[in-house]
Protein chains: 2
Amino acid sequence: MVDVAPVAEAGRFPAKSTVGEAFPISATVFREGHDAFGAEAVLVRPDGTEADRVRMAETGTGLSRYEAWVSADATGDWTFRVESWSDPWATWVHDAQIKVPAGIDADLMMAEGARLLARAANRRGTQEPDRAARTLLRAAADTLADAETVPVERLRAVLSPQVHDAFARFPVRDLLTVSPDYPLQVDRPLAVAGAWYEMFPRSAGAWYDRATGQWVSGTLRTAASEIPRIAAMGFDVVYLTPIHPIGTTFRKGRNGSLEALPGDPGSPYAIGSPDGGHDAIEPTLGTFEDFDAFVSVARANGLEVALDLALQCSPDHPWVTEHPEWFAHRADGTIAYAENPPKKYQDIYPLYFDADPKGLQAEIRRVIQVWIDHGVTAFRVDNPHTKPLPFWQSLLADIRAEHPDVLFLSEAFTKPAMMLTLAKCGFHQSYTYFAWRNTKAELEEYLATVGGEQGAWMRPSFWPTTHDILTPYMQTGGVAGFAIRAVLAALGAPTWGIYSGYELVENIARPGVEEQIDNEKYEFRPRDWSAGDGRGIALLLGRLNEIRDAHPALRQLRNVRIHPCDNEQMVCFSRHLAPEHSPTGRRDVVITVVNIDPWHAQEGWIHLDLAALGLPVDEPLKVVDQLTGQSYTWRADSFVQLAPERSCAHIMTVSPS
Amino acid sequence: MVDVAPVAEAGRFPAKSTVGEAFPISATVFREGHDAFGAEAVLVRPDGTEADRVRMAETGTGLSRYEAWVSADATGDWTFRVESWSDPWATWVHDAQIKVPAGIDADLMMAEGARLLARAANRRGTQEPDRAARTLLRAAADTLADAETVPVERLRAVLSPQVHDAFARFPVRDLLTVSPDYPLQVDRPLAVAGAWYEMFPRSAGAWYDRATGQWVSGTLRTAASEIPRIAAMGFDVVYLTPIHPIGTTFRKGRNGSLEALPGDPGSPYAIGSPDGGHDAIEPTLGTFEDFDAFVSVARANGLEVALDLALQCSPDHPWVTEHPEWFAHRADGTIAYAENPPKKYQDIYPLYFDADPKGLQAEIRRVIQVWIDHGVTAFRVDNPHTKPLPFWQSLLADIRAEHPDVLFLSEAFTKPAMMLTLAKCGFHQSYTYFAWRNTKAELEEYLATVGGEQGAWMRPSFWPTTHDILTPYMQTGGVAGFAIRAVLAALGAPTWGIYSGYELVENIARPGVEEQIDNEKYEFRPRDWSAGDGRGIALLLGRLNEIRDAHPALRQLRNVRIHPCDNEQMVCFSRHLAPEHSPTGRRDVVITVVNIDPWHAQEGWIHLDLAALGLPVDEPLKVVDQLTGQSYTWRADSFVQLAPERSCAHIMTVSPS
């Protein structure tokens, strides 16, 4: 037995799962000669007791790859292993079924079968059958030994469902081989599945005072008034961009201009002023009391609060004077600001982790604790790939030990190896390249990638836009483009998120840049939500979250399957959950077909792999579109027509058969 | 740094190489932020001293995969590792080249560069530069500090080849990361590269005695008379099918018939008779003295002798009575013969390894030693996949410890996982699926597979036919088919082999079976070698081996590259060896184009990746066909015409530029 999966670097990085998440354990298993063998995946609880043991089945033909799906029922540090063994009963059954009817060695086969059944019945210790099985196996041995009956009848008698079941429950395992125990980190469900909503709290309730000619900032209190609206759309997490004091030195103005005008609020990512640093709140937003009130309202509305963790400082951050050793210094004694030559970012001092790694980590740990103590349960980490991996590994392990439910989302738009390794180092979920995967080929490949082997470490979060990202597709696709990408995000990954303003189809970019014009990073942006009512996006977002809540298959990662569709502008994929992994005990299947062309109606044939979904292959399928409520009768090959905008997709559930 | 390769099961199975074989060490390397870094592959001798250290280069764009090619210069248990580090000099050069010409921070960059050069010069210990480098680096520091010169001139002065060379030889390595040491088994060159010739010694010199109406067996002495002919074709190894006493119980007759007629010699794979077992010689073949003489003639002709190791017994084998515990017994007390229900192979008793594994292994070890003591240097192991893997792992490790030059070839035509794991367990080389890879797509995929990552464990041996294998392509392709497959085998893998009679284009199958009619396994088959002269295959075989001997690139495994060709019946691939890995110190490039259609001339465009071969991309290329001696001038895109039979292929060498 070799190549057990999911295992990274021989177990140095634990594989991940969440409570109730079905995932595959696989291994390459083979043996010498032609005799039969068995293999099982064994799931072990943190206390060392066996939680589950599932027989593995070959996934292809001839490649010796075996797989079983399991799921854990509690958080913690689990392990798993694979066991394989010689299966003499299966070998005997195989041979007997060929030889006895052909009259070859029939008596000998009877004698050998009886001997094996007796051995199976008389086992003691770990393989010992229960009383009922023992009795059954002994009776079967007697049946085979009964010379009064013809061998073919004796064989038929022992190949009963009961004997089969006895061996399934108490298999005879000769030459047992056991893999090492491999680590499995089980997190709470929100680590893999959730709907996030990003907002700049200062925009909510901000207003322009014509009397003074100045803007008045929104506050945490006015931001809290947005929460019922966000909750009504079914989101699980409200994520706030940084709420800390903002520096004034080299403060950026509107649209990132190098000089701020009076009244420009500055980027919340330029953290730190005389009012404090990462453990403080920007005074114009309010106080810790206001923050606590925000968290209370969120919780009352069923939302968790996530905070941005942007580990960088404005030149005015208290750390700059109190801990100069936490910053890199140039040869002339000045602190090195961020730059990507020839570009300079003089409003930002990166942290320097090499001089006092322990002191800096302890301070960051303290800061995070401040927010955990005030009810923050998730952190969206800005640019983690610019900080050392050992720092993250140590910090996140430390926090997980004390606060296993606090989640960290990695915002690393960088090389795939770094993104994956950040996930392995402890981030619970990760932003992805979803925003840049727009064609059918790109989407099909990407859905399979993030939902494949990689999913054991990197849990994807799909965002159609963020405050930093507005792709050409989103700039040009209009309302339909926003609808299409919302469907793809909400169904394509179990975690998805939108950035405030998505409801209004805000799609105008600053010229030459793939981000919003008049970016909220640098100015107040209060919004009139009723302006979007006619476009229906808010309703769609709410409906998507409703569908996700109603269908556990949609809150799973590794169950995605692409189905062929002969139109290059249509993508078809499914998520399904077998009855044994479904909280309802019933099979859950959702088939999504999306027209990714925001301008034209499209039609084509889809070809569903019904067997892979556990559905009958030859029967008509009653499906119901969860977006429209309309019913259809499908077969494996079905014709689909989809228009842009409101009917850009089918989200089909299948009636239980 | 993650995913160091070649590493199997965290180092449980050593990677393999041979003396002088170039192979890649790779790893995924990346770091936080934008600073430069370096990575090196380090090759370490069995005594722990460093043999080579090669800077790794990125193999793609953005995937963070780095690679360096190395080669070991002696056999033994080597190790390798990967080191990576922050490269402050490369970071400074990158930034300075942008900022100084643009007048940004020029003085500061000068000061920082001077500080770094001084630090580099003053290093002590493992990174300490030699005296010349130290002087050079100090002078460069002074140059940068020289305020009399404009910064851009100072920069130009220090970006000299000399300073570059000093840093290349003595890189500044900050934040050094070192991988574990991984095992590397280095074998002698024949383990990866050689030309094998298979023969049944009893056929050579056998004759039909009309007087008695009986066949007279060839002997080891008459077989030895074939050796000069085999050596003249340039083969390296003569492999003898089993030469042990053959059983008479259930002896198979001609064409595998269940009843042998008087005079039928029986299959040499039914080993053992009252004359002895695996440590004895069939009396009609001769004595150990005759065997020693055979080995002497072979050695005098530059050939090594390989013997078949078929671990199974005829019912007449001495072990059957002396060691019944080495055989499986049925319920009725009889010994289990081989079967694949409903097929029975009553002439063969498989060995049973579970009752007395140590005793059986010791006896097999003793038998092998008998043949090693008589000059056998390689064993072709029949059906190793029907014996337990732990047996092979233990046996082959034991033999390698005492006889590191004795090679084992695995004849396992079974599931890929088993084939690969046998190689990992100690077999030096393996038969492959080459015989069944006939189309362009199949060949291109297979050449890349066996020469890719898998090549670190499984060394492929390409055989167009064996005494057991005669594929439809070989049955129907005529002389051209035999020529085409010889070229593909000899150039497609560094180890290839043919079965005696290939020279005569013996291509008639027993009806319904993919093997020779009148199979030599069951009868004598003396051959008139002059009958093949007109067909030219023997000449072709000799020429192929000559070309292989003259070109070290052809005796390498992991240097194969497929080049596109727009004709579906033509395959183009190359092997190349960089000057630093070539025994001549010069680049060696061989480009092979084969018309795989045995019936029609074919023509088409080939598109050579010249850059990958280390050749100038835009210049005309002078190539010489080693089969015909004709010269051509090629470019990256060249038009090729090939007829079947004698001009079925170009084997082009490139003149050194």
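The structure presented is a predicted model; accordingly, all values stated were derived computationally and were not measured. (Residues numbered from 1 in each chain as written. Chains lettered and ligands numbered in written order. Predicted model: local features only at pLDDT ≥ 70, side-chain atom pairs only at ≥ 80, totals over all residues. Heavy atoms only, no water.)

I tried to follow the overall build of chain A on my own but got confused; where do I start?
Of the regular secondary structure elements, chain A holds 16 helices and 32 strands. Taken along its principal axes, the extent of the C-alpha atoms in chain A is 110 × 60 × 45 Å. Scored against the burial criterion, the 657 residues of chain A give a buried share of 59%. Considering only residue pairs separated by 6 or more positions, chain A has 75% of its internal contacts joining residues 24 or more positions apart. Just so you have it, chain A exposes about 25600 Å², and 52% of that area is on carbon and sulfur atoms. (Helix = DSSP H or I, 4+ residues; strand = E, 2+ residues; numbered from the N terminus. Buried < 20%, exposed > 50% of the residue type's maximum accessible area, 1.4 Å probe, protein only. Contact = heavy atoms within 4.5 Å. Areas by Shrake-Rupley, 256 points an atom, 1.4 Å probe, with all protein chains shown as cover.)

Would you mind showing me how to read the packing of helix 2 (residues 106-121) of chain A against helix 4 (residues 151-158) of chain A here?
When two helices pack together, their arrangement is given by the angle between the helix axes and by the axis-to-axis distance. All names here are of chain A. Interhelical geometry of helix 2 versus helix 4 gives an angle of 30° and a closest axis separation of 10 Å. With respect to each other, helix 2 and helix 4 are oriented roughly parallel. The interaxial crossing formed by helix 2 with helix 4 has left-handed handedness. Contacts between helix 2 and helix 4 involve Ala106, Asp107 and Met110 from the first element and Pro151, Arg154 and Leu155 from the second. Grouping the amino acids of the contact of helix 2 with helix 4 by side-chain chemistry returns 4 nonpolar, no polar and 2 charged. (Axes fitted to C-alpha atoms, helices over the stretch in contact; angles between N-to-C directions. Parallel < 35°, antiparallel > 145°, perpendicular 65-115°, else oblique. Left-handed = near helix turned anticlockwise from the far one by under 90°. Nonpolar A, V, L, I, M, F, W, Y, C, P; charged D, E, K, R; others polar.)

Mind showing me how you'd approach the pairing of strand 10 (residues 182-187) of chain B here?
All names here are of chain B. Taken across its 6 residues, strand 10 has 5 buried, putting it largely inside the fold. Where strand 2 (residues 15-18) and strand 10 come together, 4 bridges link them in parallel fashion. Of the residues in strand 10, the one forming a bridge with Thr18 is Asp187. With 5 bridges joining them, strand 8 (residues 76-86) and strand 10 adopt antiparallel strand pairing. Along strand 10, the bridge assignment pairs Asp77 with Gln185. (Pairing = 2+ DSSP bridges.)

Any chance you could explain the confidence of the model for chain A here in plain terms?
Low-pLDDT portions of the prediction should not be read for the details of their coordinates. When pLDDT is averaged across chain A, the result is 96; 100% of the residues are at 70 or more. At the level of chain-chain contacts, confidence expressed as ipTM amounts to 0.86, with global pTM at 0.91. (pLDDT = per-residue confidence, 0-100.)

Looking at this structure, I do not really get the sheet that holds strand 32 (residues 649-654) of chain B. What am I missing?
Pairing between the strands of a sheet comes from backbone hydrogen bonds, and it takes one of two forms, parallel or antiparallel. Residue and element names in this part refer to chain B. Overall, antiparallel pairing links the 6 strands, which are arranged 25-26-27-32-29-30 in an open sheet. Sheet topology places strand 25 (560-563) and strand 30 (631-634) at the edges, where each strand pairs with a single neighbour. Neighbour-to-neighbour, the strand axes of this sheet turn through a mean angle of 30°, independent of strand direction. As paired elements, strand 27 (residues 588-595) and strand 32 share 5 bridges and run antiparallel to each other. Bridge pairing in strand 32 links Val590 to Thr653. Contacts from helix 13 (residues 440-450) reach strand 25 and strand 26 (570-577), with the element oriented near 15° to strand 26.

Could you clarify how one ought to interpret empty space enclosed by the protein in this entry?
If you roll a probe as big as a water molecule over the atoms, it shows you where there is empty space left. Residue and element names in this part refer to chain B. Scanning all chains against the criterion turns up 4 cavities of 30 Å³ or more. If you add up the space inside the largest cavity, you get close to 40 Å³. Every residue along the wall of the largest cavity is listed here: Phe413, Tyr431, Thr432, Phe434, Ala435, Trp436, Ser461, Phe462, Trp463, Thr466 and Ile469. Among the residues forming the lining of the largest cavity, the class breakdown is 8 nonpolar, 3 polar and no charged. (1 Å grid on protein atoms, 1.4 Å probe; cavity = no way out; pocket = protein on both sides within 12 Å on 5 of 7 lines; lining within 4 Å. Points joined across faces, edges and corners; volume = space filled by probe spheres on them.)

Where do I start with the interface of chain A and chain B in this structure?
Interfaces are often sized by the accessible area lost when the parts come together. Contacts between the two partners involve 46 residues from chain A, matched on the other side by 46 residues from chain B. Along the contact surface separating chain A from chain B lie 8 salt bridges. For Arg330 of chain A, the salt bridge identified is with Asp105 of chain B, shortest N-O distance 3.6 Å. Taken together, the connections running from chain A to chain B amount to 10 residue pairs in polar contact (both at pLDDT 80 or more). Top element by residues in the side of chain A that touches chain B is helix 2 of chain A. It accounts for 5 residues. When the residues that make up the side of chain A that touches chain B are grouped by side-chain class, the tally is 21 nonpolar, 8 polar and 17 charged. (Salt bridge = Lys/Arg side-chain N within 4 Å of Asp/Glu carboxyl O. Polar contact = N/O pair within 3.5 Å; in protein donor to acceptor, adjacent residues only side chain to side chain.)

Would you explain the pattern of salt bridges in this entry?
Any two side chains of opposite charge can pair, so long as their charged atoms come close to each other. With the rule as written, the count across this model stands at 94 salt bridges over all chains. Glu128 of chain A is the salt-bridge partner of Arg134 of chain A, the closest N and O atoms lying 3.3 Å from each other. Glu128 of chain A gets classed as partly exposed once you look at its relative accessible area, which sits at 33%. A salt bridge links Arg169 of chain B to Asp165 of chain B; the shortest N-O distance between them is 3.3 Å. Of this pair, Arg169 of chain B and Asp165 of chain B both sit in helix 5 (residues 161-169), 4 residues apart, which is roughly one turn of the helix. Owing to a relative accessible area of 42%, Arg169 of chain B belongs among the partly exposed residues under this scheme. Here Asp165 of chain B falls in the partly exposed class, since its relative accessible area comes to 37%. Connected via shared salt-bridge partners are Glu40, Glu50, Arg53, Arg81, Glu83, Arg173 and Asp181 of chain A.

Explain the relation of the copies chain A and chain B here, please?
Mapping one chain copy onto the other needs a rotation about an axis and a shift along that axis. Overlay of chain A on chain B (RMSD 0.1 Å): rotation 180°, translation along the axis 0.0 Å. Look at the turn and shift together and you get a two-fold axis relating the two. Distance from the rotation axis, computed per C-alpha, reaches its smallest value in chain A at Ala10 of chain A: 3.0 Å. Take the interface residues of chain A: 100% of them recur as interface residues in chain B, which is what a same-surface contact looks like. (Least-squares fit on C-alpha atoms with pLDDT ≥ 70 in both.)

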